[in-house]
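Below are the chains, spelled out letter by letter.
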Amino acid sequence: VHPTAERRETVVLVDSDRTAYTDEAITAKFTYRGAAVTREGSAVRVTPTKEEFEFRTQRKVPKLGVMIIGLGGNNGSTFTATILANKHHVTWQTKEGLQVPDYVGSMLRASTVRMGTDPSTGKDFHLPVCDLLPMVHPNDIVVGGWDISGAPLDEAMRRAEVLPYDLQRQLTPLMASVRPLPSIYYPSFIAANQGARADNVIPGLGKKDHLAHIRKDIREFKAAHQLDQLIVFWSANTERYSAIIPGVNDTKEALLASIDASHPEVSPSTLFGVAAVLEGVPYINGAPQNTFVPGLIQLAEQRKAFIAGDDLKSGQTKMKSVLAEFLVNAGIKPLSIASYNHLGNNDGYNLSAEPQFKSKEISKSSVVDDMVAANHLLYKPAKEMAKETGDPKAKAEHPDHIIVIKYVPAVGDSKRALDEYYSRILMGGRSTISIINECEDSLLATPLILDLCLLAELLTRVQYRTAPTEDFQPLYAVLSLLSYMLKAPLVKPGTDVVNALSRQRAALEQFLKACLGLDNSSDLLLETRTW
Ligand code: NAD
């Protein structure tokens, strides 16, 4: 068994009077420290703040199902195949020899977190992230879902051309028994070129009936597999943006009324979101479109249901959220970032239509905004730009940022991404960094889908309170802690988006540790810097 797929029964026991264990739950007190900062002339006043939290994490790991919309796509079929190969220990031969299945690329299964030092050796002690708190093992996930293409999953896997032949050959009988449920198809939302796939659609009843149909599918899947918890995940084609129209989708009441009236601007992805929220199961959007119209966010808030999105941060954008942060934090000023991709899978085919490309372009565009806005020494804020240009509406200074995506059938799932970072360095000098990345897109995306589902499930078992007299309550509906895996993170309305990968990861690590009552100032390493 590959180490990333191993089954371990690790229990982290925190020796502290602030952390308590029962058979049911881990309860931990945590002091959240921040600072209130104001400028007073040439002085900057910093007032340390602190708030007491108590986190309670249910220890019993549920039987988990994942229902994927777009199950027969490259990601859906690769996700299913990966879980089945691991569950059934399917090994396969390539020219490099015998291969064993794994979960490489999963931040939870394949990366570690530094816990502290081992006093006997003085060396760092690292633990797999998935061992920090009780989490579902991916092999135990029951996978199902919907697709407008009725091909059983063995056919879908062959059509995807992602996995090696000998693995496909052995997985065929296992995959053949998985068949996508019929789905909702509103042709105006995805590219016209997808029409030929749509042979598995719920008949053209109104949107109200479609919603009821999907809700019933969710309930039946849960019952049929005796699941304790379910995640619904959008991995279907990228849709065009929905227009946000007052009275149509801007409030929860308007959205529900629009579904009753079959309003044309309610997209399939939003309808699935409403179904999941009404069934009380987390809903994650792995594609870039604006599924989470304000009405759907409001509905999730009201129902205290969990939602997360948008768009998987798999390759080029992940790299960008590292490189742009590195450059700006190094005091170097990116002047332009030019990103070019070509790919030949069905996702690329769908994105070759302008409205769907637009959704992807928007989702890829905002990824450096927070790093740029954080450095007013390199980038002039809006106020300064307004003064300089005389235009009161002038925007803050920003690097030129362009995104190109082309469909090249020959390369299949093996996406090519070329990026150029052109920056100003010392004394007006210039630096150019070029990056070429090539790999199977779905092999990067699948572990992200896995992490998103496992984390969302975990977060349904975490509750908090800020005073011992209060009842424990769930986290806020929008799970922004999942941002590490998402290209355009959805956050609590009115709060800042964090795109920088290291900050996203730090938030996640610190949160998991906080659930154990652990403070995370370990990188200070004061013992190595003092006498
Ligand atoms: P794909 O085209 O292979 O799969 C999409 C599947 O969705 C198809 O099987 C299609 O028939 C189905 N579908 C379309 N509309 C549907 C509907 N209304 N209901 C149910 N099924 C529907 O694409 P993919 O490569 O698997 O990617 C899936 C999504 O993930 C795309 O939107 C893509 O942009 C997004 N994404 C992928 C990556 C990656 O690295 N692969 C990264 C970020 C985002």
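Residues numbered from 1 in each chain as written. Predicted model: local features only at pLDDT ≥ 70, side-chain atom pairs only at ≥ 80, totals over all residues. Heavy atoms only, no water.

(A) Structural view of the confidence of the model for the protein chain. Residues at a pLDDT of 70 or more form 100% of the protein chain, whose mean pLDDT is 95. Across the whole predicted complex the pTM is 0.96, and at the interface the ipTM reaches 0.99. (pLDDT = per-residue confidence, 0-100.)

(B) Molecular detail of the packing of helix 5 (residues 207-224) against helix 7 (residues 268-279). Interaxial distance between helix 5 and helix 7 falls to 9 Å at its minimum, and their mutual angle equals 50°. It follows from the interaxial angle that helix 5 and helix 7 lie oblique. Of the two elements, helix 5 crosses helix 7, and the hand of that crossing is right-handed. The residues of helix 7 that touch helix 5, namely those facing Lys-207, His-210, Leu-211, Ile-214, Arg-215, Ile-218 and Arg-219, are Leu-271, Phe-272, Val-274, Ala-275, Ala-276, Leu-278 and Glu-279. By residue class, the composition of the contact of helix 5 with helix 7 is 9 nonpolar, 1 polar and 4 charged. (Axes fitted to C-alpha atoms, helices over the stretch in contact; angles between N-to-C directions. Helix = DSSP H or I, 4+ residues; strand = E, 2+ residues; numbered from the N terminus. Parallel < 35°, antiparallel > 145°, perpendicular 65-115°, else oblique. Left-handed = near helix turned anticlockwise from the far one by under 90°. Contact = heavy atoms within 4.5 Å. Nonpolar A, V, L, I, M, F, W, Y, C, P; charged D, E, K, R; others polar.)

(C) Representation of helix 9 (residues 316-329) in the model. Along its 14 residues, helix 9 runs 20 Å from first to last C-alpha, staying within 8% of the 20 Å computed at 1.5 Å per residue. Along helix 9, 10 of the 14 residues are buried, which leaves the element largely enclosed by surrounding structure. For helix 9, the complete set of buried residues consists of Gln-316, Thr-317, Lys-318, Lys-320, Ser-321, Leu-323, Ala-324, Glu-325, Leu-327 and Val-328. Looking one or two residues past helix 9, Gly-331 carries a phi angle of roughly 85°, positive in sign. (Expected span 1.5 Å × (residues − 1). Buried < 20%, exposed > 50% of the residue type's maximum accessible area, 1.4 Å probe, protein only.)

(D) The site of the ligand, seen in detail. The environment of the ligand is formed by 30 residues, the closest being Asp-147, Ser-183, Ile-184, Arg-197 and Asn-346. Ser-183 is positioned with one of its side-chain polar atoms (N or O) 2.7 Å from a nitrogen atom of the ligand. Compared with its free state, where it exposes 850 Å², the ligand has 99% of that area covered by protein. Mapped onto the shell around the ligand, the elements with two or more residues apiece are helix 1 (74-87), helix 10 (346-351) and helix 14 (441-460). Of the residues in the shell around the ligand, the class split is 10 nonpolar, 13 polar and 7 charged. (Near = heavy atom within 4 Å. Polar contact = N/O pair within 3.5 Å; in protein donor to acceptor, adjacent residues only side chain to side chain. Areas by Shrake-Rupley, 256 points an atom, 1.4 Å probe, with all protein chains shown as cover.)

(E) Up close: the sheet that holds strand 1 (residues 19-21). Taken together, 5 strands build an open sheet; the order of strands is 1-2-3-17-18 and the sheet is antiparallel. Edge strands, defined here as strands with exactly one partner in the open sheet, are strand 1 and strand 18 (473-474). In this sheet, strand 3 (residues 43-58) lies alongside strand 2 (residues 25-40) in antiparallel orientation, the contact comprising 16 bridges. Counterpart to Thr-38 in the pairing with strand 3 is Arg-45. (Pairing = 2+ DSSP bridges.)

(F) Spotlight on the nonpolar core. Of all hydrophobic cores here, the largest spans 73 residues; its most connected members are Phe-55, Ile-141, Leu-171 and Leu-482. Top contributing element to this core by residue count: helix 14, with 11 residues. Filtering out sequence-adjacent residues up to four positions away, Phe-55 remains in contact with Ile-26, Thr-27, Ala-28, Phe-30, Val-462, Gln-463, Tyr-464, Phe-472, Phe-511, Ala-514 and Cys-515. Val-266, Ala-275, Leu-299 and Ala-300 belong to the second-largest nonpolar core, a separate cluster that totals 40 residues. (Core = buried A, V, L, I, M, F, W, Y, C linked by side-chain atoms within 4.5 Å.)

(G) Quick peek at the pairing of strand 10 (residues 229-234). Burial within strand 10 is extensive, with 6 of its 6 residues counted as buried. Side chains of strand 10 alternate between two faces, with Gln-229, Ile-231 and Phe-233 and Leu-230, Val-232 and Trp-234 buried alike. As defined by bridge partners, strand 4 (residues 64-69) adjoins strand 10 across 6 bridges and the pair is classed as parallel. Bridging across to strand 10, Val-66 finds its partner in Ile-231. Strand direction decides the pairing type here: strand 10 and strand 11 (residues 283-285), joined by 3 bridges, are parallel. Its bridge partner lying in strand 11, Trp-234 is registered against Asn-285.

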